[in-house]
Amino acid sequence: MNLIDPDLMVKSIPFLLKGAGYTVELSLGGMIFGLAFGFVIALMRLSRRKLLRGIARTYVSFIRGTPLLVQLFVIYYGLAQFGLRLDPIPSALIGLSLNVAGYTGEILRAAIASIDKGQWEAAKALGLSWPQTMRLVIMPQAARVALPPLGNSFISLVKDTSLAATIQVPELFRQAQLITARTFQIFTMYFTAAVLYWIISTALSWVQERLERRASAHIRAD
Amino acid sequence: MMIDIRNVHKTFGGFPALSDVSLKIKEGELVALLGPSGSGKTSLLRILAGLEFPDSGQVLFDGGDATNVSVRDRRVGFVFQHYALFRHMTVFDNVAFGLTVRRGPGRLSKEEIGDRVRHLLEMVQLGGLAERYPSQLSGGQRQRVALARALAIQPKVLLLDEPFGALDARVRKELRRWLRNLHDELKITGVFVTHDQEEALDVADRVVVMNKGRIEQAGTPTQIYDSPATPFVYQFLGNVNSLECHIRDGVAQIGSLTLPASAYAGVQEAAGLAFVRPHDLLLSKMGEGAGAQAEVRHISILGPLVRVELLLGEQVLEAEISRQRHAELGLKIGQQVLIWPRQARFFLRDSWQGTSLLDPETPIDHAI
């Protein structure tokens, strides 16, 4: 028996790609919602109100201190017990977004806090409102600081989407499992899935690198 | 714009940064807030800007209460110590920023903004660098961008926090001169903070000397330098000999040196301090003039000047004389000379009320 069955590999590609489609969707969706919610978390962490800071800190601590797999199970299986039956894909999207928010929240908080107080004051002295300052002065600079760690978060997220297989999402890993169950070509299928994950992450890393280079073109340490 | 600061108090975490500070600034005046770190000068500037708010007291702009008006609505131009330029924007965009974000009736068209920014960049001599980023500029150039940015919104008052603090000596001097000219041209009311007394005396119309959250003295550079109101001002501005003395019936005794201190005619017996600037201390050969006998301890040649360290009794003091005078006296270490202060000022230990002395009998001609 060969280590790799090239025939099966080629034949399974369309199924796997369909799964990869879900993987990319979950990754992008999880990142977009996770970033948005993470931004809220970051603002709460930087808030002057103690209560908001406390809530955000507890949230981040909970998300970082519990396994994603358990978080997904709580949302998909756990909530169902109270009649809140979510489909696999929405469950996965919610779970991944909430999880990513815990990490991006910390990244964004650190990036915003790294911007010198003088930038806030200079903007204020020129008559800018708080939202204007955030949007036009702070975020463009904080983004440069946040981009590398956010990129890492994103790559992790791509790989973490495979956990959605456990809650019936027909993503890449799940598809590989299904084909394996029928063909018993275990190594071929999982290895092919691994190569596809690798291609997706590499492509995304490349995009991230380009973004970083463009963003930091004019910023030098001074 | 006219500024009136009335009885301002400010504490930071229990530490008093400003205690009962009152100051009036005239329209078009350029005022230096001078003092050591922790003297409250920066706190006062930030309160003027609306970046901090006083615990009590008032700030009036042209008679109107601005005490609790935020910096956003105060129309002040603020130049930060470390420039605080927006690093992700070009020089042009930095200067234009205060105008491009403006909404409502005060809004300018793109052309108007472009004209104003180009004009400002010409004025700060950065016309060719509009498309550069702050990281591509030298410290002096960044400082001028910061100034142009502050001026772009046509502020009613220009506030500068240690404007030249981070620059090297040569650039500093150049920018100083240039700020003075700019102020003369624009006639804008300006306040700047500095710990450099030379900078304050050179640039400002009026110098406000601060110490421990209080104003020690406010006056023209000449007043501040020639008639310091307190021992602190004396010591902070320029080199000075401070000598222990006894004051009795209008006469001050510094070791073997006896000087009239007529303002203290009524004082029976008190310990005091005498302040004498090194260039006000006249030296002459033994038997050729008036004064007390002192011993030459050290001589250092400082370009056109000669600094002579002397021992009067047990007190060490410094004199500065010209190279020519040094040659005439033929000074050597260990030699005895006569010293006489052309000007001295006395403060009683208990109450710092001073007097100035100029004795007509003293030989003055051979001074620097």
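Each remark here, short or long, concerns the structure printed above.
Here goes a summary of the coordinates provided. (Residues numbered from 1 in each chain as written. Chains lettered and ligands numbered in written order. Predicted model: local features only at pLDDT ≥ 70, side-chain atom pairs only at ≥ 80, totals over all residues. Heavy atoms only, no water.)

1. Quick word on the overall build of chain B
Filter applied, for reference: Numbering of helices and strands runs from the N terminus; a helix is a DSSP stretch of H or I covering at least four residues, while a strand is a stretch of E covering at least two. The buried label goes to any residue with under 20% of its type's maximum accessible area, the exposed label to any with over 50%, and the partly exposed label to all in between, with areas taken from a 1.4 Å probe on protein chains only. Every residue pair with non-hydrogen atoms within 4.5 Å of one another is taken to be in contact. Only the protein chains shown count as cover for residues, and the accessible areas themselves come from Shrake-Rupley with a 1.4 Å probe.
When helices and strands are tallied, chain B shows 10 helices and 21 strands. Each principal axis of the C-alpha distribution contributes one length, and for chain B these read about 80 × 45 × 35 Å. Sorting the 368 residues of chain B into buried and exposed places 54% on the buried side. When contacts within chain B are restricted to residue pairs at least 6 apart in sequence, long-range pairs at least 24 apart make up 65% of them. If you sum the accessible surface of chain B, you get close to 16200 Å²; carbon and sulfur atoms cover 49% of it.

2. Re the side chain of B:Glu162
Residues and elements named next belong to chain B. Counted only if it meets this: Distance and chemistry together define a polar contact, namely a pair of N or O atoms within 3.5 Å, with one atom able to donate a hydrogen and the other to accept it when in protein, and with adjacent residues in sequence counting only for side-chain atoms on both sides.
Counting through the fold element by element, Glu162 comes out in the loop between strand E7 (157–161) and helix H6 (169–186). A polar atom in the side chain of Glu162 sits 3.0 Å from the side chain of His195. Discounting chain neighbours no more than four positions away, the residues touching Glu162 are Lys41, Gln81, Val193, Thr194 and His195.

3. Quick word on the sheet that holds strand E10 (residues 214–219) of chain B
All names here are of chain B. Under the convention used in this document: For two strands to be treated as a pair, DSSP must find no fewer than two bridges joining them. Axis lines are fitted through C-alpha atoms, for helices just across the contact stretch, and the angle between N-to-C directions can take any value from 0 to 180 degrees.
Read from one edge of the open sheet, six strands run E6-E7-E8-E3-E9-E10, paired in mixed fashion. Because the sheet does not close on itself, it has two edges, and the strands there are strand E6 (76–79) and E10. Each strand of the sheet is rotated relative to its neighbour by a mean of 15°, with strand direction disregarded. Relative to strand E8 (residues 189–194), strand E3 (residues 30–34) runs parallel, the two being bridged by five bridges. Residue pairing in the sheet places Leu34 in a bridge with Thr194 of E8. With respect to the sheet, helix H5 (residues 139–152) is in contact with E6 and E7, its orientation differing from that of E6 by roughly 170°.

4. Considering the pairing of strand E15 (residues 281–285) of chain B
All names here are of chain B. Counting buried positions over the five residues of E15 gives four, a clear majority of the element. With five bridges joining them, E15 and strand E19 (residues 336–341) adopt antiparallel strand pairing. The residue bridging Ser284 from the neighbouring strand is Leu338, located in E19.

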